[in-house]
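Coordinate analysis (summary)
The primary structure of each chain is shown beneath.
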Amino acid sequence: MDTAPRESHEISGWDYEADVVVLGLGCAGASAAIEAGRAGADVLVLERSSSGGGSSAIAGGELYLGGGTRIQQACGFDDDPDEMCKFLLVACGPMADEERVRCYSDGSVAHFNWLVDAGVPFNPSHWPDPCWVPPTDDGLMWLGENSAPFNAIARPSPRGHRPATGHFGGWLLMERLRAEMDAITGVGVVCDFAAERLVVERGRVMGAVGRRYGADVAVRARRGVVLATGGFAYNEVMLRQHAPTLVGHPKVGTDTDDGRGILMAQAVGAAVQGMEAGQAAIAVPPLLLVRSLLVNLQGQRFINEDTYPGRVGQEALYHHGGRVFMVLDEESFESVPPEGRRGARPTWVCETLEELEGEMGIPTGALAATVGVYNTYAARGEDPLFGKNERWLKPLRSPFGAIDVVAPNEVAAGLVEGPRTGFNIFTLGGLRTTIDGEVVGLDGDPIDGLYAAGRVTSGLPRWGYISGTSLGDGTFFGRRAGATAARR
Ligand SMILES: Cc1cc2nc3c(=O)[nH]c(=O)nc-3n(C[C@H](O)[C@H](O)[C@H](O)COP(=O)(O)OP(=O)(O)OC[C@H]3O[C@@H](n4cnc5c(N)ncnc54)[C@H](O)[C@@H]3O)c2cc1C
């Protein structure tokens, strides 16, 4: 992919011109355009697909918001920005950016109100059980805040806010942001334009060139260019280079997540960070996971199964090679209603743990020892190894079963293409930016005229990932990037 910048004197004529040019119309691009437009800038959004939406429009729609939103209050949860900040610093770390997390936590209630004012509806009701997205239209859910180790680090409050849809809500978020954006005079959209390179003049970014319907198109940005083109999960070369653990796993996103925005910015001297980090959603039903012992090939547990399943998946893939199994008993399996099992079935069923570990290929005695220790403490309502909540602790009794995470179930079906590996991935690394959305160069200084937000950047989740920190981060820091570009 050739992304070398063009010098302005090489451009024979400009096809479009605006104060602020936004590349990419997902949640970050839309939010940037809204704020730039409200600040009085003349804005042009250039989108590669025929209508925009990106990964944002197919997402679950959870936004990580807290600090005392109206929904949290209505559901009886007492939250404040300090507690939210404490949680995020650990959940998004190690190496979470303290200034960014602080800024996000302090501004979260105002951002929630901004979304509501833009027409994004959230119901004041709480879904209490582990899930990827609530199967109801409840507006609030836990994202690991009530699980170890977080429940000892910060006062637990659920902060997953999902627009009122009854299932995935990304489309509704994008529909409302798009309507808000379209209502602002001076904000325009051109689709079917694939940006290929930035245009520079004496070190300043002042436009972009790309292709539209087979023709070269040049766009001039009087104040700045905001990159909001998404991540790089679909760029195999970049994945192999930066995030090899993610290679070979089904991707969640859109195939426009090809890293072009990152490469275009790198070509003008931008720094990147956190490129190896990825979200690795373990593709199993959370209601079964929480009742199981998740073990590796050595038959050992390595995490509390009741924490946010994205965290479980990241740990399983990055530190246990992705070869993990949910071990449970018949009673626990049957206690989950069929709709909660999402088509998952035991891969092996045995009367004894010795038989089970033999069938699973786990060294003799290893699984039996793990279950023995678990059962001893579970009978007392304790999990001294990983701190799983008492609510989910129950000694396992024969008959036993185990589910291989690569076995088919409905959780991954319809979401991903390609081979089932038990993990669905997207990238978290990207451009280094200031909290005002300025893209930082290799020398540590902002690059004049270049701004970015969303998955094209390394945002809140520096390593650990919590659902809602993509749409939350993209909309929050997208707004800041748009406002900064407009002010220039
Ligand atoms: C199934 C699924 C569920 C998810 N659930 C959640 C969730 O519940 N909560 C959460 O926080 N996150 C979730 N995510 C992650 C989240 O959707 C993304 O990380 C987030 O939407 C990224 O937003 P963005 O604006 O940076 O990029 P996108 O929304 O992907 O938008 C980027 C846009 O840029 C365009 N573009 C790309 N290249 C170019 C180019 N060269 N020129 C012009 N335009 C270009 C694309 O066509 C696209 O429209 C989910 C993702 C998936 C796939």
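Relevant structure appears above.
Residues numbered from 1 in each chain as written. Predicted model: local features only at pLDDT ≥ 70, side-chain atom pairs only at ≥ 80, totals over all residues. Heavy atoms only, no water.

1. Considering the overall build of the protein
As a reminder of what qualifies: Put simply, DSSP H or I for four residues or longer makes a helix, DSSP E for two residues or longer makes a strand, and each gets a number counted from the N terminus. In this treatment the radius of gyration is a C-alpha quantity, and the globule benchmark scales as 2.2 Å times the residue count to the 0.38 power. With a 1.4 Å probe rolled over the protein chains alone, any residue whose accessible area is under 20% of its type maximum counts as buried; one over 50% counts as exposed, and the rest are partly exposed. Only heavy atoms enter the contact rule, under which two residues are in contact if any of them lie within 4.5 Å. In summary, the charge assignment counts Lys and Arg as positive and Asp and Glu as negative, without counting His or the chain termini. Where a charge sits is defined by one atom per residue type, namely NZ (Lys), CZ (Arg), CG (Asp) or CD (Glu).
Along the protein, the regular secondary structure elements total 16 helices and 21 strands. Taking 2.2 N^0.38 as the reference for a compact globule, 488 residues should give roughly 23 Å; the C-alpha atoms of the protein span a radius of gyration of 23 Å, in line with that estimate. Looking at the 488 residues of the protein, the share that counts as buried comes to 60%. Counted over contacts in the protein with a minimum sequence separation of 6, partners at least 24 positions apart contribute 73%. For the protein, the centre of its 43 positive side-chain charges and the centre of its 61 negative side-chain charges are spaced 3 Å apart.

2. Quick word on helix H7 (residues 170–182)
The condition that has to hold: A helix is expected to span 1.5 Å for every residue after the first.
Helix length check: H7, at 13 residues, gives a terminal C-alpha distance of 18 Å against a target of 18 Å (1.5 Å per residue), a fit within 8%. Burial in H7 covers these residues: Gly170, Leu172, Leu173, Met174, Leu177 and Met181.

3. Looking at the site of the ligand
Heads up, the rule is: Any residue with a heavy atom positioned within 4 Å of a molecule or strand is treated as near that molecule or strand. The definition of a polar contact used here is a pair of N or O atoms within 3.5 Å, where within protein one atom must be able to donate a hydrogen and the other to accept one, and adjacent residues in sequence count solely through side-chain atom pairs. Calculation of accessible area relied on Shrake-Rupley with a 1.4 Å probe; when residues are assessed, cover is drawn exclusively from the protein chains displayed. Lys, Arg, Asp and Glu make up the charged group, whereas Ala, Val, Leu, Ile, Met, Phe, Trp, Tyr, Cys and Pro make up the nonpolar group; the residues left over, Gly among them, are polar.
Close to the ligand lie 38 residues; Glu47, Ser56, Glu62, Arg455 and Leu471 are nearest. In the model, an oxygen atom of the ligand is placed 2.6 Å from a nitrogen or oxygen of the Glu47 side chain. At a separation of 2.8 Å, an oxygen atom of the ligand approaches a polar backbone atom of Arg455. Its free accessible area being 1000 Å², the ligand has 96% of it covered by the protein chains. Mapped onto the shell around the ligand, the elements with two or more residues apiece are helix H1 (27–38), helix H2 (54–58) and strand S9 (193–201). At 4 residues, the largest contribution of residues to the shell around the ligand is made by H2. Residue classes in the shell around the ligand are distributed as 16 nonpolar, 17 polar and 5 charged.

4. Concerning the packing of helix H5 (residues 98–106) against helix H16 (residues 471–487)
What counts, and what does not: All axes here are fitted lines through C-alpha atoms, helices being fitted over the stretch that makes contact, and every angle between N-to-C directions spans 0 to 180 degrees. For this classification, under 35 degrees means roughly parallel, over 145 means roughly antiparallel, 65 to 115 means roughly perpendicular, and everything else is oblique.
Running from amino to carboxyl end, H5 crosses H16 at an angle of 90°, the nearest separation of the two axes being 11 Å. Viewed along their axes, H5 and H16 adopt a mutual orientation that is roughly perpendicular. Of the residues in H16, those touching H5 at Arg100, Cys103 and Tyr104 are Gly472, Asp473, Phe476, Phe477 and Arg480. Residues belonging to the contact of H5 with H16 are distributed by class as follows: 4 nonpolar, 1 polar and 3 charged.

5. Details of unusual backbone geometry
Leaving glycine out, the prevailing phi sign among residues is negative, and the prevailing peptide bond configuration is trans. For the peptide bond that leads from Gly93 to Pro94, omega is 0°, which places it in the cis range. Mapped onto the secondary structure, Pro94 falls in the loop between helix H4 (81–91) and H5. The amide bond that connects Ser398 to the next residue, Pro399, takes the cis arrangement and shows omega of 0°. When you line up the elements, Pro399 lands in the loop between helix H15 (366–378) and strand S17 (400–404). Even without a glycine there, the phi angle at Met95 is positive, about 75°.

6. Quick notes on H4
Listing the buried residues of H4 in full gives Glu83, Met84, Cys85, Phe87, Leu88 and Ala91. Buried-residue contacts for H4 involve strand S4 (63–64), H5 and helix H6 (108–117). N-cap assignment for H4: the residue whose side-chain oxygen lies 3.0 Å from the backbone N of Asp82 is Asp80.

7. Regarding the packing of aromatic side chains
Threshold: Only the six-membered ring of Trp is used, alongside the rings of Phe and Tyr, when aromatic pairs are assigned; centres must lie within 6.5 Å, and planes under 30 degrees apart are stacked while those over 60 apart are edge-to-face, with the rest tilted. In this analysis the charged atom, NZ for Lys or CZ for Arg, is taken to sit over a ring once it is within 6 Å of the ring centre and within 35 degrees of the ring normal.
Per the stated rule, a full pass over the model turns up 11 aromatic pairs. Between the aromatic rings of Phe112 and Phe122, the centroid separation amounts to 5.4 Å while the plane-to-plane angle is 35°, which identifies the pairing as tilted. Residue Phe112 is found in helix H6, and its partner Phe122 is found in the loop between H6 and strand S5 (126–127); the two are separated by 10 residues along the sequence. Overall, the relative accessible area of 1% leaves Phe112 in the buried class. On the basis of relative accessibility, which here comes to 10%, the residue Phe122 falls in the buried class. Aromatic rings pair up to connect Tyr64, Phe87 and Phe150 into one cluster. In this arrangement the basic side chain of Arg100 is found over the ring face of Phe477, its NZ or CZ atom lying 5.0 Å from the centre. Above the face of the Tyr234 ring, Lys251 is positioned so that its terminal group lies 5.9 Å from the ring centre.

8. Some remarks on the sheet that holds S4
Our working definition: Each pair of strands is called paired provided DSSP finds at least two bridges between the two strands.
The strand order S4-S7-S6-S5 describes an open sheet built from 4 strands, whose pairing is mixed. Both edges of this open sheet fall to S4 and S5, since each of them pairs with a single strand only. As defined by bridge partners, S5 adjoins strand S6 (residues 140–141) across 2 bridges and the pair is classed as parallel. Bridge pairing links Trp127 to Met141 in S6.

9. Observations regarding the environment of Glu305
Tracing the sequence through the fold places Glu305 in the loop between strand S14 (293–295) and helix H11 (309–320). Linking Glu305 and Asn389, residues 84 residues apart in sequence, is a C-alpha distance of 9.3 Å. Excluding residues that lie within four positions of it along the chain, Glu305 makes contacts with Leu289, Val290, Ser292, Leu293, Leu294 and Lys388.

10. Observations concerning the pattern of salt bridges
Where we set the bar: The term salt bridge refers to a pairing of a side-chain nitrogen on Lys or Arg with a carboxyl oxygen on Asp or Glu at a separation within 4 Å.
One pass over the structure, following the stated rule, counts 33 salt bridges. In this structure, Arg155 engages Asp78 in a salt bridge whose closest nitrogen and oxygen atoms are separated by 3.7 Å. Of this pair, Arg155 sits in the loop between S6 and strand S7 (160–161) while Asp78 is found in the loop between helix H3 (70–74) and H4, placing the two residues 77 residues apart along the sequence. Judged by relative accessible area, Arg155 falls into the partly exposed class, the value being 33%. Residues Asp80 and Arg155 are paired through a salt bridge, measuring 3.2 Å at the closest nitrogen-oxygen approach. You can see Asp80 sitting in the loop between H3 and H4 and its partner Arg155 sitting in the loop between S6 and S7, a full 75 residues away along the chain. The partly exposed category is assigned to Asp80, whose relative accessible area is 24%. One connected set of salt bridges, linked through shared partners, spans Glu17, Asp19, Asp42, Arg220, Arg222 and Arg223.

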